[in-house]
Amino acid sequence: MNDLNSSNLSGQSLEDQIQAVQQSSREMLEMAHSGIPRAEFLRNAMGLVLRVTGCDAVRMFIRDQHRSVFTERWSDDSDEARLEVTMNDPANPVRFSWTASGNESLEKVCRNMVASHVDATKPWFTESGSFWIEDMDAFPDASIREVQANGCQGIYVSPDCRSTLITPVDGTHRRLGLLQMESRQMGFFTRRNVERYERLVQTVGYAVDLRDIRVALRERVKELTCLYGIARLVAHAELSLEEMLQSAVELLPPGWLYPKDAAARVVLDVRSFATAGVDEIVQKMSSDIVIDGQKRGFVEVGYTVEKPPIDEGPFMLEESHLLDTVARELAFAIEQKSYLEEKRKLQGQLRHADRLATIGQLAAGVAHELNEPLSNIVGFAQLAASEPDISGKNRRDMNKIVSSALHAGEIIKGLLVFSRETSPVKLPFNLNELIEDGLFFLDSRFVKAGINLRCDIDSSLPDITADRAQMLQVLTNLVVNSVQAMPDGGNLIIRTSHDDQNILLVVEDTGVGMDKKTLENIFHPFFTTKDVDEGTGLGLSVVHGIVAAHRGDINVESQPGKGTQFAICLPINPVEDN
Ligand code: ADP
Ligand code: MG
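What counts, and at which threshold
- Residues numbered from 1 in each chain as written.
- Chains lettered and ligands numbered in written order.
- Predicted model: local features only at pLDDT ≥ 70, side-chain atom pairs only at ≥ 80, totals over all residues.
- Heavy atoms only, no water.
- Helix = DSSP H or I, 4+ residues; strand = E, 2+ residues; numbered from the N terminus.
- Rg over C-alpha atoms; globule rule 2.2 N^0.38 Å.
- Buried < 20%, exposed > 50% of the residue type's maximum accessible area, 1.4 Å probe, protein only.
- Contact = heavy atoms within 4.5 Å.
- Areas by Shrake-Rupley, 256 points an atom, 1.4 Å probe, with all protein chains shown as cover.
- Pairing = 2+ DSSP bridges.
- Axes fitted to C-alpha atoms, helices over the stretch in contact; angles between N-to-C directions.
- Domains from an automatic or database assignment.
- Salt bridge = Lys/Arg side-chain N within 4 Å of Asp/Glu carboxyl O.
- Near = heavy atom within 4 Å.
- Polar contact = N/O pair within 3.5 Å; in protein donor to acceptor, adjacent residues only side chain to side chain.

A word on the overall build of the protein
Logical step 1: When you go through the protein residue by residue, the secondary structure sums to 11 helices and 17 strands.
Logical step 2: Against the compact-globule benchmark of 25 Å for 578 residues, the protein has a radius of gyration of 43 Å, which places it well outside the compact range.
Logical step 3: Here the C-alpha coordinates of the protein stretch approximately 150 × 45 × 45 Å along the principal axes.
Logical step 4: Counting across all 578 residues of the protein, residues that qualify as buried make up 44%.
Logical step 5: Put simply, of all contacts in the protein between residues at least 6 apart along the chain, 66% involve residues at least 24 apart.
Logical step 6: When the accessible surface of the protein is summed, it comes to about 30,400 Å², and 52% of that surface belongs to carbon and sulfur atoms.

As for the sheet that holds strand S2 (residues 67-74)
Logical step 1: Taken together, the 6 strands give an open sheet; going across it, the order is S3-S2-S1-S6-S5-S4, and neighbouring strands pair in antiparallel fashion. Two strands bound the open sheet, and with one partner strand each, they are strand S3 (82-87) and strand S4 (131-133). Taken pair by pair, the neighbouring strands of this sheet meet at an average axis angle of 10°, ignoring direction.
Logical step 2: Sheet topology places S2 next to S3; 6 bridges connect them, and they run antiparallel.

What to know about the domain arrangement of the protein
Logical step 1: Taken domain by domain, the protein comprises domain 1 (14-214), domain 2 (216-341) and domain 3 (423-571).
Logical step 2: Computed over C-alpha atoms, the centres of domain 2 and domain 3 are 46 Å apart.

Observations regarding the environment of glutamine 294
Logical step 1: Within the secondary structure, glutamine 294 is located in strand S10 (residues 294-303).
Logical step 2: C-alpha separation for the pair glutamine 294 and lysine 400, spaced 106 residues apart in sequence, amounts to 68 Å.

Here we look at the pattern of salt bridges
Logical step 1: Counted by the stated rule, this structure contains 25 salt bridges.
Logical step 2: Of the charged contacts in the structure, one is a salt bridge between glutamate 182 and arginine 59, with a shortest N-O distance of 3.2 Å. One end of the pair, glutamate 182, is in strand S6 (residues 175-183); the other, arginine 59, is in strand S1 (residues 57-63), and 123 residues separate them in sequence. Both residues of the pair, glutamate 182 and arginine 59, count as buried.

Describing the site of ligand 1
Logical step 1: Not every one of the 20 residues close to ligand 1 is listed here, only the nearest: Asn481, Thr528, Thr529, Lys530 and Leu540.
Logical step 2: One of the side-chain N or O atoms of threonine 528 is found 2.5 Å from an oxygen atom in ligand 1.
Logical step 3: Leucine 540 places a main-chain nitrogen or oxygen 2.8 Å from an oxygen atom of ligand 1.
Logical step 4: Contact with the protein chains covers 95% of the free accessible surface of ligand 1, which is 530 Å².
Logical step 5: Elements that contribute at least two residues to the shell around ligand 1 include exactly helix H9 (468-485), helix H11 (539-549) and strand S17 (563-571).
Logical step 6: When residues in the shell around ligand 1 are grouped by element, the largest group, 4 residues, is from H9.

Structural data, given as structure tokens:
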């Protein structure tokens, strides 16, 4: 292919010439069939035309719906072809030729040929509508060669051209453009060979069409494979959003023209999901992920090795459409996934609340049943202990019965609070003061345990209407848990803040934290991970009962080994139960 002059048609027998044309036609079609990139295809195709005809320069102009492509190759050019791709702009019609003097005869010829407005009976035209000058000196319009090769885009006649042929290039269904050959030799294009060259150009037309179709088909298959993969990910309910995005990003590079050098990244909010090589990208394209009218991130695909321009840069027009489609699909998938996750979370919360309510009912029932016999135990034991004639030992035993029964009573009281059987007495007070009072009692415990207390108090905290004694119990239970969670000391942070409707109390520690299983059970009465004399497992059940009775919310975040944060949100003016 590089040896352009070795086998051209001039000076060969007719049979050899026909064979050479057939051979190069075959080569051209094979090349088109393999769907090689446009630039490479055009360079090789122009090379074949040069080789088989032996002319000095070939220029071709073709256009489709989106773009216009000019290409030019000279026989003495080593291996290079000039290629210019411009996107069609309706406001700016394409010029086929460019003449320095402003004489538009060549431009008109080209324009008419492209529009198929050619009268083949006119001089200078062949029967099949090519424009042909056998001897430039005999051509009447001298201005046709007044061209400036420099910066010229399209069909032109170079200063040392002596003979030229401009032939329409037809695809299967429409006229694609024009192909021009020129020679420095007078009479190079003759009646004898023009017809053969016209047939060769026909093959060029088919090949251009075939290559476009092959590439479009291949790209369409890649595009559909990519979109199908993403659709499958979206349908895969088990995948988390993160897993889905990571798998989706891996599907992108194979959808691009040079998959081996492609890398991709999806950025959503502050999270990034990427394939290998994404940091070495030198040329890239991106499309925004828009959810609910808001830009939440983007999808980006790029090459790690510089690629030659096709269409608007190194990427194909189809690829930029594909990327937009992918961004839309992902936005849809993200929305869908977040909705499902939100729903799942809500269902979990409902199940949890339901379970706690059932346990509450059970606990309330048991507590009520036990209350009476317990009162009897305390009453009669106290009575027996007050008998004057019992021994000191018996009295001590009686008192032990009383204190154990009172302890049991406390537990029952806790159960009743948990199941909201004790209604709170709601009066306005300030939570900051409660914290100050409550911590005063606990202070000695902090020092002993090596705990560093920090209070981050909202000084403009409004009063809330709530049961002060119960709120003190909430604070105490949370603080005691935190202290117990930091056997080797640590930081305890207590925060308050507020907005228009709610106040927020946060108790945070740097203690042992909780695993997922513990977290699921902490509000269940009697659930404890502590020794018998350390915990009853009622603390958080009571907290839960109190907060629920105040129409508030508890949010817990915990990481094993790192710490725990309890956030309690309480309405400033609770709506009364009826
Ligand atoms: P108790 O303290 O009597 O065990 P709670 O209802 O107060 O009962 O707490 C239940 C369980 O929740 C605890 O046993 C402990 O495992 C876990 N827990 C509660 N608060 C914390 C905390 N701040 N850090 C780590 N674990 C905690
Ligand atoms: Mg506790």
